[in-house]
Amino acid sequence: MTSTDVNTFDYGFDVQTGSGGFNSATDLELLVNHVSKPLAPTITETYQDVPARYGGVFLGNSYGEKEIDIPVTMYPTDRTDYNRIITNLTRALVNTADDTTTEYALRFNDNPNVVYYGHFTAIPTPTFINEGVQDCTTTLTFMMADPRGFLPQRDISITSNDQAIIPDGDANVQPVVHIIPQNDLYYFGYTLGDKYVACGYNVDDGSTTTNSDGTTTSLTPSQTLQVHDSCNSMSTWFQESSSTQEINVYRGVNDGKATATSSSIMVAKNSKGTYNWGTVGTHSDFYGPVLIHQGIPKVTDYWKVSMRFHHVKRMKNERAMGKVEGYLLDANGNTCGRMGITDYATGRYPRGYVQLGSSFNATTDKGNYLTLLYNEGGRKTNGTNEKVKVKLTKTEKVTTTTKKTVTKTKNGKKVKVSEPVKKTTSKTINTYVTETSYMDHDAYSNFYGEFTLERQAKTVGSKTYDNWIAEINEFNPKTGTVYSTNTPNTVHIHTEKLDKTGKFGFALANVGVCFMKHDIEEDLVKPVVAYKTDFETLTDLKIYTSDGSDDPDEIPHVIAHAGDEIIIDSTNNSVTVAGQSVDKYVSWLSTFPSIQGGVSQTMHFTPDPATTDITLQYVPAIK
């Protein structure tokens, strides 16, 4: 994929190495005609009419995709050559094997330093130029969700906190900061205007560390990871049964089968290729497989459990009902807590929750369970309260009578007489049952994230109580990492509850999980009406033992040693020290600020660049 012709473009290549991909001339055999590159992306004005006012209020512009139309011409020698060129073009530009959200690199060789990322949205059928020849033309439409063009990577060596930098390009870009300190660090980060990244304090690896006053302290880790199950095998799980172990599942009956994939535990499929939740039409409530973990190495009074669930409502009218739920068990196998996501009937919003107790029934168990979290997930879209018709099909026998002429002998003579003939046929009758769907949709309707519950010991005055910490954090399903708290419209919920009753504390001994559905009218009619049930998985399990401390890292201590490479990556809001992630120790108020191309600006770093090797790495962008 190389060409010195400035009137060509390269597509789908590796930006880092320049290899791979296709050149429009040498690989696709296209003549690129004059390409008029757009000045700006699509612009949508937000404007508010104000009654009784001369004019209105301008609320700003929204900038969307950028479109580049690429007119091309092909000159096949004959029909066979035409078919070959068209086939090659389709193979190159129609990428069905990759993830549907993949954006590909494109550059025009009249300005090869600028790379665009996007996708082709139109590849029209070519139009022949003249009769009797195969020459033809078409216009390819290339769309960029990110309308910027990108230049080759730049590095800036930072030597002073008074150093002004003017990044190349003219657009905001996210930098990657490399720091190699000459001394051990307790804190590090940088500020740009009123925005910053700060990392420090809460690192406790259980080793002897140097405190800020120069003394040494042997730190006892407050939490030790006992179990990390990546949930890609059934070897550490078994399905609940009377011959193994049974647990108390809230509003649920064990049925169906579960299986493991390369990345999750989930409902198995039957011989027909549909999910095996169990026997349809025989349960009045939720049902599906219930799994129990093989156990944990040490039963502990204080602990933390994190379970990562995937819950997707696939039925378009939101009527399908399912739940994915984790259970926390004591040494006797009693259910003492639960966390997960449950759907509600008639297309209402699903809920996420973390609760302590046993039956969790608001009617019969009042006062005997504690709700730490129970909420709708945000990103709420109110439905339209639609009426849904569920088809009933019935076959009836229908008998019809016709006349048939036959010849009979009467009084020695043959005569023709008419006789009735009955015929029975089957007739299909369709009727409908009308159901309601509120069509409500929120974050939990399509959610991938982690539910966490921690038991701490907190002393108030002379008494020690249970302090419960519950969290729900949404993850990016493409990267498998938690979204930054700065990412708009993502779920990050944290709550603490001091329980002075002492009713809900227990030593954690094991966990369980269930994947369940609830029959709806489509399941109960005869014959059943096929629909898409929920997609539910468990993708990760972590269990920690703890000393119960609610503030284990209050003494500042070293988090990066001299010579360790620190990388603050603002492109994905992550921080590493010596290759190890320290994201959990980044201040939740950190905003990972971008830098502005073509504008003079000053960044202030800790530690001081005068005694530290600091490199600012970025990819310039143009509007």
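In this text the structure is predicted, and so the values were computed from the model without any measurement.

**What to know about the overall build of the protein chain**
Thinking step 1. A count of helical and extended segments in the protein chain gives 2 helices and 47 strands.
Thinking step 2. Compactness check: the protein chain gives a C-alpha radius of gyration of 33 Å against a globular reference of 25 Å for 623 residues, more than 25% above the reference.
Thinking step 3. Dimensions of the protein chain, computed from C-alpha atoms along their principal axes, come out at roughly 135 × 85 × 65 Å.
Thinking step 4. When each of the 623 residues of the protein chain is scored for burial, the buried share is 43%.
Thinking step 5. Long-range contacts, defined here as pairs at least 24 residues apart, represent 71% of the contacts in the protein chain between residues at least 6 apart.
Thinking step 6. Carbon together with sulfur atoms contributes 48% to the accessible area of the protein chain, which is approximately 32200 Å² in total.
Thinking step 7. The distance from the centre of the 56 positive side-chain charges to the centre of the 71 negative ones in the protein chain is 21 Å.

**Let's talk about the pattern of salt bridges**
Thinking step 1. Under the counting rule described, the total for this entry stands at 20 salt bridges.
Thinking step 2. Between Arg308 and Asp540 there is a salt bridge whose closest N-O contact spans 3.7 Å. Linking Arg308 in strand S27 (residues 303–312) with Asp540 in strand S39 (residues 535–546), this pair joins segments that are 232 residues apart in sequence.
Thinking step 3. Across the salt bridge formed by Arg379 and Glu474, the nearest N and O atoms sit 2.9 Å from each other. On the criterion of sequence distance, the pair formed by Arg379 in the loop between strand S31 (370–375) and strand S32 (386–410) and Glu474 in strand S35 (residues 463–476) is long-range, its members being 95 residues apart.
Thinking step 4. The class of Glu474 is buried, set by a relative accessible area of 5%.
Thinking step 5. Residues joined by salt bridges that share partners form a network here, namely Arg308, Glu450, Asp540 and Lys542.

**Some details on the layout of surface pockets**
Thinking step 1. One number sums up the size of the second largest pocket: a volume of about 500 Å³.
Thinking step 2. Taken together, 21 residues form the lining of the second largest pocket, with Thr274, Tyr275, Val280, Tyr531 and Thr533 sitting closest to its centre.

**Here we look at the sheet that holds strand S17 (residues 195–200)**
Thinking step 1. Strand order in the open sheet made by the 3 strands is S17-S16-S45, with antiparallel pairing throughout. The open sheet terminates on both sides in strands that have one partner only, identified here as S17 and strand S45 (604–606). Pairwise comparison of adjacent strand axes, ignoring direction, gives a mean angle of 5° for this sheet.

**So, the sheet that holds strand S12 (residues 154–158)**
Thinking step 1. Spatial strand order, S12-S46-S15-S40-S41-S42: 6 strands in an open sheet with antiparallel pairing. In the strand order of this sheet, the two ends are held by S12 and strand S42 (580–581), each with one partner.
Thinking step 2. Examined bridge by bridge, strand S15 (residues 176–181) and strand S46 (residues 612–618) share 6 bridges and lie antiparallel to one another. Directly across from His178, in S46, lies its bridge partner Thr615.

**Here's the deal with helix H1 (residues 79–93)**
Thinking step 1. With 15 residues, H1 extends 21 Å between its outermost C-alpha atoms, agreeing within 8% with the 21 Å of an ideal straight helix rising 1.5 Å per residue.
Thinking step 2. Residues of H1 that are buried include every one of Asp81, Tyr82, Ile85, Leu89, Ala92 and Leu93, and no others. For H1, the arc enclosing every buried residue in end-on projection is 105°, short of the 170-degree limit, so these residues lie on one face. When the buried face of H1 is taken as reference, the exposed residues oriented beyond 90 degrees from it are Thr80 and Arg91.
Thinking step 3. Capping the start of H1 is the job of one residue whose side-chain oxygen sits 3.2 Å from the backbone nitrogen of Thr80: Asp78.

**Comments concerning unusual backbone geometry**
Thinking step 1. Cis geometry is adopted by the peptide bond preceding Pro527, which originates at Lys526 and carries an omega value of -10°.
Thinking step 2. By the element assignment, Pro527 lies in the loop between helix H2 (521–524) and S39.

**Observations concerning a positive patch on the surface**
Thinking step 1. On the surface, Lys269, Arg314, Lys316 and Lys532 cluster together into a patch of positive charge.
Thinking step 2. Along the chain, Lys269 turns up in the loop between strand S24 (265–267) and strand S25 (286–288).
Thinking step 3. On the basis of relative accessible area, Lys269 is assigned to the exposed category, the value being 54%.

**Quick notes on the packing of aromatic side chains**
Thinking step 1. One pass over the full model with this rule turns up 19 aromatic pairs.
Thinking step 2. Relative to Phe108, the ring of Phe9 has its centre 6.3 Å away and its plane inclined at 65°; by these criteria the two rings are edge-to-face. Of this pair, Phe9 sits in strand S1 (residues 9–11) while Phe108 sits in strand S7 (residues 104–108), placing them 99 residues apart in sequence. The exposure classification of Phe9 matches that of Phe108, with both residues buried.
Thinking step 3. On the basis of an interplanar angle of 20° and a centroid distance of 5.5 Å, the ring pair of Tyr353 and Tyr374 is categorised as stacked. Residue Tyr353 is found in strand S30 (residues 351–356), and its partner Tyr374 is found in strand S31; the two are separated by 21 residues along the sequence.
Thinking step 4. Residue Tyr353 is classed as buried on the basis of its relative accessible area of 0%.
Thinking step 5. Three or more aromatic residues link up through ring pairs in this structure, and these residues are Tyr11, Tyr104, Phe120 and Phe142.
Thinking step 6. Directly above the ring of Tyr353 sits Arg338, whose terminal nitrogen or CZ lies 4.1 Å from the centroid.

**A word on the nonpolar core**
Thinking step 1. Counting 44 residues, the largest nonpolar core has Val305, Leu328, Leu453, Trp468, Phe515 and Leu541 as its most contacted members.
Thinking step 2. Beyond its immediate stretch of four places on either side in the chain, Leu328 contacts Trp303, Val305, Asn334, Thr335, Cys336, Gly337, Met339, Leu453, Phe506, Leu508, Asn510 and Val511.
Thinking step 3. Ile156, Val582, Phe592 and Ile595 belong to the second largest nonpolar core, which has 31 residues in total.

**Quick look at the confidence of the model for the protein chain**
Thinking step 1. Averaged over the protein chain, the pLDDT score is 87; the fraction of residues at 70 or greater is 94%.
Thinking step 2. Contacts from residues 202–212, a stretch scored under 50 in pLDDT, to residues over four places away or in other chains number 41 contacts.
Thinking step 3. The model gives residues 216–220 a pLDDT under 50, and that stretch makes 17 contacts with residues more than four places away or in other chains.

**Digging into the pairing of strand S34 (residues 446–460)**
Thinking step 1. Of all 15 residues in S34, 11 are buried, a share of seventy percent or more.
Thinking step 2. In this sheet, S35 lies alongside S34 in antiparallel orientation, the contact comprising 12 bridges. Residue pairing for S35: Val460 is matched across the bridge by Lys463.
Thinking step 3. The loop that links S34 with its antiparallel partner S35 comprises 2 residues; one of these, Gly461, has a positive phi angle of about 70°.

**Considering the side chain of His310**
Thinking step 1. Inspection of the secondary structure assignment puts His310 in strand S27.
Thinking step 2. Discounting chain neighbours no more than four positions away, the residues touching His310 are Val324, Asn446, Phe447, Tyr448, Phe535, Glu536 and Thr537.

Reading the values: the criteria
- Residues numbered from 1 in each chain as written.
- Predicted model: local features only at pLDDT ≥ 70, side-chain atom pairs only at ≥ 80, totals over all residues.
- Heavy atoms only, no water.
- Helix = DSSP H or I, 4+ residues; strand = E, 2+ residues; numbered from the N terminus.
- Rg over C-alpha atoms; globule rule 2.2 N^0.38 Å.
- Buried < 20%, exposed > 50% of the residue type's maximum accessible area, 1.4 Å probe, protein only.
- Contact = heavy atoms within 4.5 Å.
- Areas by Shrake-Rupley, 256 points an atom, 1.4 Å probe, with all protein chains shown as cover.
- Lys, Arg positive; Asp, Glu negative; His and termini not counted.
- Charge placed at Lys NZ, Arg CZ, Asp CG, Glu CD.
- Salt bridge = Lys/Arg side-chain N within 4 Å of Asp/Glu carboxyl O.
- 1 Å grid on protein atoms, 1.4 Å probe; cavity = no way out; pocket = protein on both sides within 12 Å on 5 of 7 lines; lining within 4 Å.
- Points joined across faces, edges and corners; volume = space filled by probe spheres on them.
- Pairing = 2+ DSSP bridges.
- Axes fitted to C-alpha atoms, helices over the stretch in contact; angles between N-to-C directions.
- Expected span 1.5 Å × (residues − 1).
- Arc of directions from axis to C-beta.
- Polar contact = N/O pair within 3.5 Å; in protein donor to acceptor, adjacent residues only side chain to side chain.
- Patch = residues over 30% accessible without salt bridge, like charges linked within 9 Å, V, L, I, M, F, W, Y side chains within 5 Å.
- Phe/Tyr/Trp six-rings, centres within 6.5 Å; stacked < 30°, edge-to-face > 60°.
- Lys NZ or Arg CZ within 6 Å of the ring centre and 35° of its normal.
- Core = buried A, V, L, I, M, F, W, Y, C linked by side-chain atoms within 4.5 Å.
- pLDDT = per-residue confidence, 0-100.

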